Amino acid sequence: MDLTIALILLQDGILNGAIYALLGLALVLVFLVTRVILIPQGEFVTFGALSLAFLANGRVPGTAYLLVLLGGLVCLAEAVSAWRTHQWRGYGRTLAWALILPLILLALAPRAAAQGTPLLLQVLFALALVIPMGPMIYRLVYQPVEQASVLVLLIISVAVHFALTGLGLLFFGAEGWRTPALVEGSVQIGPVAWTAQTFAVLGLCAVLIAALWLFFSRTLYGRALRATAVNRRGARLVGISTRVAGSLTFTLAAAIGALSGMLIAAITTIYYDTGFLIGLKGFVAAIFGGLVSYPVAAAGALFVGILEAFSSFWASPFKEAIVFTLIIPVLLWRSFGSVQLDEED
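**Student:** Quick question: what am I supposed to make of the overall build of the protein here?
**Tutor:** Counting secondary structure elements, the protein contains 15 helices and two strands. Expected size for 345 residues packed as a compact globule is a radius of gyration near 20 Å; at 20 Å, the protein falls within 12% of this value. The C-alpha extent of the protein, read off along each of the three principal axes, is 70 × 55 × 35 Å. By residue count, 47% of the 345 residues in the protein fall in the buried class. The contacts in the protein between residues at least 6 apart in sequence include a share of 77% that link residues at least 24 apart. For the protein, the computed accessible surface area is about 16200 Å², with 69% contributed by carbon and sulfur atoms.

Structural data, given as structure tokens:
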């Protein structure tokens with residue numbers, strides 16, 4: 001290994017680490033607010049990337065049909081709940097975002113997939129297809145069991161992961177896909193040419209992290225999420241709806257996952273099950289922060305990305321094993337200082 005190879009590997013490690021940082025932040029956010037270890041986070045990555053790939057190749061993605069199906073189930077669940085409680089207030093809003101919006105997107109999908117459509121519009125359309133899936137999945141799967149233990153929620157997350165993976169195979173097939181690069185060109189820095197896509201990914205990640213910081217520190221909804229993360233029972237006592245907080249959290253997680261998938265789909269081939277490994281690496285980063293610390297999770301993500309890149313050079317067949325084996329010493333290290341607390345404390 002010489003300096004040039006080391007810099008190339010460092011570039012790949014930083015790029016992957018930035019993606020893992022976003023996923024790690026999403027996992028920490030979801031766990032703090034809802035106590036759900038979101039194993040299906042990787043499926044949002046896959047759906048976002050493959051939806052954009054289908055649109056770029058002139059095909060209507062299966063997520064357009066899946067969104068209508070999920071929206072119909074949400075409307076049915078809300079109708080049953082409203083009928084039991086005799087409270088129909090707000091049901092029109094549910095119909096608007098869960099059923100009417102997906103139907104409009106399904107009608108517009110052929111135009112979005114038409115040849116000559118700007119890539120930016122296709123990115124926005126793919127995001128519009130994937131992001132609403134977050135609150136829909138929360139409403140259908142997690143909201144009815146929101147008081148369950150962490151272990152039960154984890155088992156449910158594994159089941160949701162397998163269900164979404166099967167749907168991904170059904171809608172996208174077993175072949176891999178790539179998307180066009182968001183930015184073309186390269187920049188020569190020393191002996192290594194850094195692609196403009198790398199800088200675009202790093203820049204978007206930095207902007208997204210800064211936007212999340214502003215959201216949590218300066219907005220009412222962001223402060224409500226922080227309050228729910230600190231103490232769920234206390235948040236309910238002061239009038240903060242944990243269900244609204246959970247729905248908003250899953251919306252953010254779906255947005256982060258979908259955007260992350262679109263960022264990496266231009267530099268790596270995405271398959272229907274690729275998101276699982278990517279999501280697990282984000283989970284390893286979140287474990288660095290004990291599922292509670294955003295800065296430590298981000299630092300852990302960069303470490304995971306760089307370790308993976310250099311492992312692919314020295315021991316390519318074992319790079320995944322090396323990354324995932326990292327969980328063991330990190331868990332041992334964190335267990336020494338852990339304190340047993342009640343889930344509501």
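Still more to cover.
**Student:** Would you explain unusual backbone geometry in this entry?
**Tutor:** Across the chain, the bulk of peptide bonds are trans and the bulk of non-glycine residues have phi less than zero. With a phi angle near 65°, Arg35 is a residue other than glycine that sits in the positive phi range. Among the secondary structure elements, Arg35 is positioned in the loop between α1 (3-34) and α2 (41-56). Backbone geometry at His86 places phi at a positive 60°, although glycine is not the residue there. Note that His86 resides in the loop between α3 (63-85) and α4 (91-112). His86 sits in the exposed class, given a relative accessible area of 65%.

**Student:** Which parts of the structure should I look at to understand the pattern of salt bridges?
**Tutor:** Side-chain pairs of opposite charge can arise whenever the charged atoms involved come near each other. Under the defined criterion, the tally for this structure stands at three salt bridges. For Arg243, the salt bridge is made with Glu146, and the minimal N-O distance between the two is 3.0 Å. You can see Arg243 sitting in helix α11 (residues 242-264) and its partner Glu146 sitting in the loop between α6 (133-142) and α7 (150-172), a full 97 residues away along the chain. Since its relative accessible area comes to 43%, Arg243 is described here as partly exposed.

**Student:** How do you make sense of the packing of aromatic side chains when you look at a structure like this?
**Tutor:** Pairs of aromatic rings are described using the distance from one ring centre to the other and the angle between the two planes. Applying the stated rule across the entire model yields six aromatic pairs. Ring plane angle 85° and centroid distance 5.5 Å describe the contact between Trp88 and Tyr91, whose orientation is recorded as edge-to-face. Residue Trp88 is classed as partly exposed on the basis of its relative accessible area of 46%. Seen in terms of ring centroids, Tyr142 and Phe250 are 5.2 Å apart; in terms of plane orientation they differ by 45°. Their pairing is tilted. With Tyr142 in helix α6 and Phe250 in helix α11, the pair connects residues that are 108 residues apart, well separated along the chain. Of the two residues, Tyr142 and Phe250, neither departs from the other in class, the shared state being buried. Following the ring pairs from residue to residue traces out a cluster consisting of Phe47, Phe54, Phe172 and Trp177.

**Student:** What exactly am I supposed to notice about helix α9 (residues 220-230) here?
**Tutor:** Since the α-helix turns once every 3.6 residues, residues separated by three or four places project in the same direction. Among all positions of α9, only Gly222, Ala224, Leu225 and Thr228 are buried. Around the axis of α9, the buried residues are gathered within 160° of arc, so they sit on the same side. Among the exposed residues of α9, those pointing more than 90 degrees away from its buried face are Leu220 and Val230. If you follow the buried residues of α9, they end up packed against α1, α8 (196-218), α10 (232-237) and α11.

**Student:** I would appreciate a short explanation of the packing of helix α5 (residues 119-130) against α11 in the present structure.
**Tutor:** Geometrically, a packed helix pair is captured by the angle between its two axes and the distance between the axes. Relative to each other, α5 and α11 sit at 140°, their axes nearing to 9 Å. What the angle tells us is that α5 and α11 run oblique. At the point where α5 passes α11, the crossing takes the right-handed sense. Every residue of α11 that contacts α5 at Val123, Ala126, Leu127 and Val130 is listed here: Ala254, Ala255, Ala258, Leu259 and Met262.

**Student:** Whenever I open this one, the packing of α1 against α11 confuses me. Can you help?
**Tutor:** Interaxial distance between α1 and α11 falls to 9 Å at its minimum, and their mutual angle equals 170°. Considering the angle they form, α1 stands roughly antiparallel to α11. For the pair α1 and α11, the contacting residues are Ile19, Leu22, Leu23, Ala26, Leu29, Val30, Val33 and Thr34 in the first and Ala245, Gly246, Thr249, Phe250, Leu252, Ala253, Ile256, Gly257, Ser260, Leu263 and Ile264 in the second. Residues that form the contact of α1 with α11 fall into these classes: 14 nonpolar, five polar and no charged.

**Student:** Sorry if this is basic, but what is going on with the side chain of Thr94 here?
**Tutor:** Mapped onto the elements, Thr94 comes out in helix α4. When residues no more than four places from it in sequence are discounted, the contact partners of Thr94 are Val74, Cys75, Glu78 and Leu99.

**Student:** Can you walk me through the confidence of the model for the protein in this structure?
**Tutor:** Close reading of the predicted structure is inappropriate where its pLDDT is low. Counting all residues, the mean pLDDT for the protein is 84, and 94% of those residues have values of 70 or more. Confidence scores differ between elements of the protein, with helix α15 (residues 327-336) showing the lowest mean pLDDT of 73 and α6 the highest of 93.

**Student:** Can you help me understand the pairing of strand β2 (residues 192-195) in this one?
**Tutor:** Across a regular strand the side chains alternate sides, sitting on one face of the sheet and then on the other. Across the two faces of β2 the burial differs, with Val192 and Trp194 buried and Ala193 and Thr195 not buried at all. Alignment of strand β1 (residues 186-189) against β2, held across four bridges, turns out to be antiparallel. The residue of β2 that forms the bridge with Gln188 is Ala193.

Here is what the cut-offs are and how they apply
Residues numbered from 1 in each chain as written. Predicted model: local features only at pLDDT ≥ 70, side-chain atom pairs only at ≥ 80, totals over all residues. Heavy atoms only, no water. Helix = DSSP H or I, 4+ residues; strand = E, 2+ residues; numbered from the N terminus. Rg over C-alpha atoms; globule rule 2.2 N^0.38 Å. Buried < 20%, exposed > 50% of the residue type's maximum accessible area, 1.4 Å probe, protein only. Contact = heavy atoms within 4.5 Å. Areas by Shrake-Rupley, 256 points an atom, 1.4 Å probe, with all protein chains shown as cover. Salt bridge = Lys/Arg side-chain N within 4 Å of Asp/Glu carboxyl O. Phe/Tyr/Trp six-rings, centres within 6.5 Å; stacked < 30°, edge-to-face > 60°. Arc of directions from axis to C-beta. Axes fitted to C-alpha atoms, helices over the stretch in contact; angles between N-to-C directions. Parallel < 35°, antiparallel > 145°, perpendicular 65-115°, else oblique. Left-handed = near helix turned anticlockwise from the far one by under 90°. Nonpolar A, V, L, I, M, F, W, Y, C, P; charged D, E, K, R; others polar. pLDDT = per-residue confidence, 0-100. Pairing = 2+ DSSP bridges.

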